[in-house]
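Overview (structure and organization)
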Amino acid sequence: MTAIEPSGEPWPYSWPEDEHCYSHGAHEPIPADGAYLVCLECGHVFVTALDLLLDYAVNSPPDIPVPGDITAKDINFCPHCIHDF
Ligand SMILES: [Zn+2]
Ligand SMILES: [Zn+2]
């Protein structure tokens, strides 16, 4: 099935680079009211600060601080591609 925009035009074949996550190979739309952070390297969209905290917790070794001990502002790299923010 091909997705069709309301205008009747097919979706563009490729997405704008700033909305395509190379860590997940997926289109990750930025909400109309903005995202907390978009990784400049892989393009992952962290919609909220909590998203960043949770991804950090899931992708981090068990011996480093977890949510509760840190805030999103303490995370200075992308949990998916290790790119420094
Ligand atoms: Zn990244
Ligand atoms: Zn992603």
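Our subject in this report is the structure included herewith.

Reading the values: the criteria
Residues numbered from 1 in each chain as written. Chains lettered and ligands numbered in written order. Predicted model: local features only at pLDDT ≥ 70, side-chain atom pairs only at ≥ 80, totals over all residues. Helix = DSSP H or I, 4+ residues; strand = E, 2+ residues; numbered from the N terminus. Buried ≥ 20, exposed ≤ 12 C-beta atoms within 10 Å, placed from the backbone. Core = buried A, V, L, I, M, F, W, Y, C linked by C-beta atoms within 7 Å. Contact = placed C-beta atoms within 7 Å.

Regarding its fold elements, the protein presents one helix and four strands. Scanning the protein from its N terminus toward the C terminus, one meets helices and strands in the order β-β-β-β-α. When the 85 residues of the protein are sorted by exposure, 13% land in the buried category.

This next bit is on the nonpolar core. By size, the foremost hydrophobic cluster in this structure holds six residues: V45, F46, L52, L53, Y56 and I75. Here the element with the most residues in this core is helix α1 (residues 49-59); it accounts for three residues. Ignoring anything within four residues of it in the chain, the contact list for Y56 reads I75 and P79.

Turning to the environment of N59, a few remarks are in order. Looking at the secondary structure, you find N59 in helix α1. Overall, N59 belongs to the exposed group, with 12 C-beta atoms counted inside 10 Å. In the structure, N59 is positioned 20 residues away from P79 in sequence and 6.1 Å away in space, judged by C-alpha atoms. Discounting chain neighbours no more than four positions away, the residues touching N59 are P79 and H80.

Turning next to the environment of H24. In this fold, H24 is placed in the loop between β1 (20-21) and β2 (26-27). By the C-beta count within 10 Å, which is 13 here, H24 ends up partly exposed. Sequence-wise, H24 and H44 are 20 residues apart; in three dimensions their C-alpha atoms are separated by 7.8 Å.

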